[in-house]
Amino acid sequence: MADPADGTDERAGERTGGAAEPAPWERPPPGRARGFRAVTGFVFLCSLALAMATWVSISRPFDPGQAEAAAVRPDPEAARAAAALPAHPGSIVALTYHGVDDRDGAQSTLTRERFGSHMAALDAAGYETVRLRDVLDLLEGRPVRLPPRALLLTFDDGRLTDWTNADPVLAEHGFTATAFLATGRIVEPGTPSYYLSTKQVRALADTGRWDFGSHSHALDDRVRIPGDVGAPLPNRIVAGGRPETLDAWRARVRADLERSQDFFRRTLGRGAAAFSYPFGEAAGNDRRAAAALPGLLRDAGFRAAFTGEGVPAGHVDAIAADAPPYRVDRIGVRRTTSAAGLLELIRAAVPAPPPHALAALPWRGDGVACARDGADLRVTGDRYGACVLGGTGDGGPNTSRWRDYRVTASVSGLSPRSGAVVAVRDGAGAGRPGRVEVVVGDGAVVARRQVGDRAPVPLGRTRLDGRDGGDGARDVAIEVRGGRLTVAVEGGRPLRAALTGGSGPPIDRGGVRLGITARGGRTVTFHDPTFVPLRGR
Amino acid sequence: MRRRPRLPARPRTGRLTALGALVLVTAICALIAWHVGVKLAYLRGDLLLSGYTVLVGGYVLSRFALAACYRPPRDVGITPSVAIVVPAYNEGEAVARTIHSCLGLVYPEDRLEVVVVNDGSSDDTWTHMEEAAARYPDGRVRCVDLGENRGKRAAMAAGIRATSAEILVFVDSDSMPAPGSVRRLVQGFADPEVGAVSGLTYVRNAEHNVLTRMQAARYYVSFQLLKSAESVLGAVTCCSGCFAAYRREAIAPLLDAWEHQRFLGVECTYGDDRALTNRVLKAGWTTRYDARAEAWTDAPDRYRKFFRQQLRWKKSWSREGPLLLAHIWRSRTRALPSVAVQTIAGMLSPLVVLYGLLAPLAGGRFPMVYFLGLYLVAMGYALLYRMLRNDGLWIYAFVGTFFYVAFSPQLLWAIARIRDGKWGTRDGDAEPVVPAVPRALHVYSATGGGDG
């Protein structure tokens, strides 16, 4: 048989024709010293292990899975805050998140537990999320069915944690969200990154929970602007040592928006319809640029643009049909924002329902003492001051939907040394600086426009006769409807004035103040002050 | 009988070590498969580089997987008539040795003959031939004299025409088949589809120096891995000239075309074995590899000779590779993917090596994945070697892989000089100076195996 190890050996010598060396199939395998073999084998195995480990580490794809939603303890404070939240049919609260991560200490990054507590609190307060298209329908005047407590969750930047940590929590609560991606940051699948990969973007889209918008392509880092550093989107930046021209700004922004839309077309098959301003900044160092920005966004296919990146410093309104589509405001959330704090921010943003009996509202004295007495409100002060509307956080209700209404009351305590001051369309609760004050004195009624601490602008004046109904009280009726103010005070001729025109901000919305102007300690009583909303203009 | 089903010859393989090597080879394959899977799942980075990685990774994996499925042809005990064709040129006394050793093979005497062809030798080769032939009964040795030097292909063709045996076994004059190997080799022809069977060739002078050790390891891995895999697909692309058998029926119609093959207007000299296998495949025959039919051959022991041999092989590979690719899609469709990848990746490999070495010099990134992958594959070869053989040469399979890859840019030179038919005969210190004579270099070194 052919096996070299068996019985053909005796013929080998003959076959090899007498060669000195044995035939190759008869040669014993060469021996090597045991020690040498052990060493080479050991070194080989070590280097193999090293090579395998290195190979795994360099070719392992970075593709973190989703984390479990963190357990959330019920928060009694948040429950109390939730109870104070009114329903607000027809408007949508928009929140801005960034990252959700336990290890990242950035101010914009919430811990998983805190984010979970936010979502739990919103869920418990009866909030339901709406889709981005519902917001666009609302802004563009199409009919849309909104839940009584409508919520739009947004996540700026396109951080990896949208996928790893935020999405599971949303799934738990049945929420949807919109991610505004800084598309230039989105990486190829498997690449280690702080931001999402295209694979994760597609995976988020496939969950059905996520809509996508643009956060610019690469304009999300501050750059040099003349005299400062600033957001590159709304500012004319320093390019080549000098400020760029407006045309250069326009070309730069247009190109960036186009690249961002390209990303969406490539990755998700269609462009994005919404935009969120990096840093929430829609205006910068050039008014013309700020004015041109909505046009550029519209040209790039964006139908709405969101501001509101951080915790609001000023007034925020929930999104209503009349919100400006390229300045849609959101409530930004930081890691320090507790669930209760978040609900308080929401309460300040959602429109308060119009009241009826004003005396029942939580009044707070601003330079005066306010005392409720049944259906009456007594205001005591020694100079000028008013009772203003307070709330849980003393921020007062959001009165931005209080527009056309009539306030009636019977005022007593009027004297030469004390007058009643009724302010309507007080912008303090509506994000406007001005208000209209009607001063009912002993012998005259004065209407004036008051903006901040500036000198008041008189709107009209009418005299009062001595008749006061016999009980020392005068009935007062103040009506604001559109641009007109009508004041009727018992014992005087009606006073009419126009609120439009003139300089200064428009006075078109806001709540009521009930105050006093006096010399020495005096008290004015508003009997049964009543608020009657008027429909239409 | 201590017969192993898959591991020929070396019975002293430490079973435990071999098992460990098998586990590690499997682990390396799994790792490469995982890497290829990651590449496919993520499709990141440069599409061209990813594609190259996937193709080459898949090719290497398929070699291991197919080789694991390889079984040598079954021993059915057939003994067709066999003619061993030995072309000889200036062999002198060695030709007699070859004749004796061929006739000493274990095979029925009436069915084995040796055809020695004197390719116009200028020495006493013919005399030695006749003397040796005279020692055997008529019909056992057939001596053919071409009268002039006409080259190896012509000598082989003349030998084939001189005999009517069913099976033609080609043995290089410096090859030495094991006693039972021809009997083994013909078993493959029990399958009527089979047109050629390649044996397994070891390096006889393996222990000579580092170069021969690396070649020995390389030969062994190529046969046991690449030829095994090709055999599973039924298309061994090169039934090596060292030791292979062809069915007469398969090569008779191709003989003239093969003998006078022209490429780019030049008569082809080197690469006779690959060219013949290629034509057999093209005619629709199956080619197989028999790991139990063993022969020993001498490998070049000098770097100059080695490089000339490599240059010839690369020339013939770059000629026959595309020719094979041009017909394999219809002659043996299932071998198309591996032949295609083999040809394309083989053509690209010098560029990839040069790029990998030059890119970091030009300020680019060091292609860590490429070199680490190469490192792992080299380790896989070494472990495979160690798994099958325990002769201490496994480490040379590892080192040799880098050695061979480092010289893959030689392919560019081979392609540039593909029309140059010289065998590289200026190696005057080792053989007689006969300029422009188309003879295999390793034929000249027939007696040089142990002279260092």
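Residues numbered from 1 in each chain as written. Chains lettered and ligands numbered in written order. Predicted model: local features only at pLDDT ≥ 70, side-chain atom pairs only at ≥ 80, totals over all residues.

Caption draft 1: Main features of the overall build of chain A. Helices and strands together make up the secondary structure of chain A, namely 10 helices and 28 strands. The buried share of chain A, reckoned over its 537 residues, is 44%. (Helix = DSSP H or I, 4+ residues; strand = E, 2+ residues; numbered from the N terminus. Buried ≥ 20, exposed ≤ 12 C-beta atoms within 10 Å, placed from the backbone.)

Caption draft 2: Representation of the sheet that holds strand β19 (residues 405–412) of chain A in the model. All names here are of chain A. Judged by pairing direction, the sheet is antiparallel, and its 7 strands sit side by side in the order β16-β17-β28-β19-β24-β25-β26 without closing on themselves. Unpaired on one side and paired on the other, β16 (369–373) and β26 (495–498) mark the two borders of the sheet. Averaged over all pairs of adjacent strands, the angle between strand axes in this sheet comes to 20°, irrespective of strand direction. The sheet contact formed by β16 and strand β17 (residues 376–381) spans 5 bridges and is antiparallel. Looking at the pairing, R372 lines up with L377 of β17. (Pairing = 2+ DSSP bridges. Axes fitted to C-alpha atoms, helices over the stretch in contact; angles between N-to-C directions.)

Caption draft 3: Summary view of the environment of A:L297. On the secondary structure map, A:L297 appears in helix α9 (residues 287–299). A:L297 sits 43 residues away from A:R254 along the chain, and the two C-alpha atoms are 8.1 Å apart.

Caption draft 4: Examining the packing of helix α2 (residues 47–69) of chain B against helix α12 (residues 336–361) of chain B more closely. Residues and elements named next belong to chain B. Direction vectors running N to C along α2 and α12 enclose 125°, while the axes themselves pass 10 Å from each other. Taken together, the axis directions place α2 and α12 in an arrangement best described as oblique. As for how α2 packs across α12, the hand of that crossing is left-handed. Across the interface between the two elements, Y52, L55, V56, Y59 and S62 from α2 touch S338, V341, Q342, A345, L348 and V352 from α12. Taken together, the residues of the contact of α2 with α12 break down into 8 nonpolar, 3 polar and no charged. (Parallel < 35°, antiparallel > 145°, perpendicular 65-115°, else oblique. Left-handed = near helix turned anticlockwise from the far one by under 90°. Contact = placed C-beta atoms within 7 Å. Nonpolar A, V, L, I, M, F, W, Y, C, P; charged D, E, K, R; others polar.)

Caption draft 5: Quick look at the packing of helix α4 (residues 112–124) of chain A against helix α10 (residues 339–349) of chain A. All names here are of chain A. The interhelical angle for the contact between α4 and α10, taken along N-to-C directions, is 50°, at an axis separation of 9 Å. Taken together, the axis directions place α4 and α10 in an arrangement best described as oblique. Note that α4 runs across α10; the crossing there is right-handed. Seen from α4, the contacting residues are S117, H118 and A121; seen from α10, they are A339, L342 and L343. Its residues placed into classes, the contact of α4 with α10 shows 4 nonpolar, 2 polar and no charged.

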